[in-house]
Amino acid sequence: MIPGRLLAALALALGLLTLPVAAAEPPLVRWHPARVHPGDVAWVHVRGVADSASVEGTLGPRALTFFPYAGGQAAVVGIDLEAKAEPQPWRLAIVEPGREPRRLDGRLTIHKRDFPVQRLTLPQAMVDLDPETERRAVSEGERLRTLYHTITPERLWRGRFARPVAGTEPATGFGARRIINGKPRAPHSGGDYAADRGTPVVAANRGRVALVGDYFFPGRLVALDHGLGLYTLYFHLDTVAVGDGDVIDRGQQLGTVGATGRATGPHLHFAVQLAGSRIDPAALLSLDLRD
Ligand SMILES: [Zn+2]
């Protein structure tokens, strides 16, 4: 009887068999950044998978959408500013044609982050709304929430995200627990850039204009859809230079800084949403995906 190994060697020599390439190697899964906090853009890089493979997965309740990146596949996921500091289970399935899906799982720890408390005094009419204005603000808020949960499957952005206004001062106030006229209100879900009225406001990255509006709290606004559930928001604009559906490149002007809506003076409120999670603009600007 011919040993199986010898048969295989013969078959290989005759070109009847091909060696299984890296099939036994477990895929490499790496989460970034090394320590994840509320307000972060986390991302996972899966390497060692065949080009023909597709990767699916979840982090806690969030679905992950993968795209080809640096010899593997990656997915970005938002950690909401009010996310609990606790381990979140992740699960991945690597699906290759003609094979059983390979399943991997683990835990990603969300570390605690303290946000400042901010006390503000505003004209009472901007806080206690009359019923009609209240209805308007609620319906505008719902429209924005619906937009943030609308996920375009195409990834429009590439490379780094840029500041939306010139300068070097970072945006302030992200995540601040707000007490307005003595009452606790929703936390501040964006970062504020101090700038003079008329200062150009530019797109942080490539995207499609998903909404141009004039809303009660945000004032004149532009929402850019970068794809895969990622949106950047530009509030309190004085003027708007783009229209719904326009595809905009990084650095292209969207409008100018103003003080429209509920604003105590001219500034840009810049906010980031990722599949409905409220993200720190500083985390988006330092995102280390490079392609
Ligand atoms: Zn703001």
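This structure is a prediction, so every number in the text was calculated from the model and none was measured.

### Focus: the sheet that holds strand 4 (residues 62–65)
- An order of 4-3-7-8 is seen for the four strands of this open sheet, with the pairing classed as antiparallel. Of all the strands in the sheet, just strand 4 and strand 8 (102–109) have a single pairing partner and so form its edges. Along the sheet, successive strands turn relative to each other by an average axial angle of 20°, direction set aside.
- Pairing between strand 3 (residues 54–59) and strand 4: four bridges, direction antiparallel. Directly across from Leu59, in strand 4, lies its bridge partner Arg62.

### Describing the nonpolar core
- Judged by nonpolar contacts, the single largest core of 34 residues is most densely connected at Val41, Trp157, Tyr234, Leu254, Leu268 and Leu289.
- For this core, the secondary structure elements donating two or more residues are strand 2 (41–47), strand 5 (67–69), strand 6 (72–78), strand 15 (219–227), strand 16 (230–240), strand 18 (253–257), strand 19 (267–274) and helix 3 (281–285).
- Examining the composition of this core, we find that four residues originate from one element, strand 19, more than from any other.
- Within the second largest apolar cluster, 20 residues are counted, among which are Val44, Val49, Val55 and Leu108.

### A few points about the sheet that holds strand 9 (residues 117–120)
- Taken in spatial order, the three strands make up an open sheet running 9-10-11, and their pairing is mixed. Of all strands in the sheet, those bounded by a partner on one side alone are strand 9 and strand 11 (183–184).
- Taken together, the two bridges between strand 10 (residues 177–180) and strand 11 define a ladder with antiparallel strand orientation. Bridged to Ile180 within strand 11 is Lys183.

Cut-offs used in this document
Residues numbered from 1 in each chain as written. Predicted model: local features only at pLDDT ≥ 70, side-chain atom pairs only at ≥ 80, totals over all residues. Heavy atoms only, no water. Pairing = 2+ DSSP bridges. Helix = DSSP H or I, 4+ residues; strand = E, 2+ residues; numbered from the N terminus. Axes fitted to C-alpha atoms, helices over the stretch in contact; angles between N-to-C directions. Core = buried A, V, L, I, M, F, W, Y, C linked by side-chain atoms within 4.5 Å. Buried < 20%, exposed > 50% of the residue type's maximum accessible area, 1.4 Å probe, protein only.

Any functional reading would require information that these geometric values do not contain.
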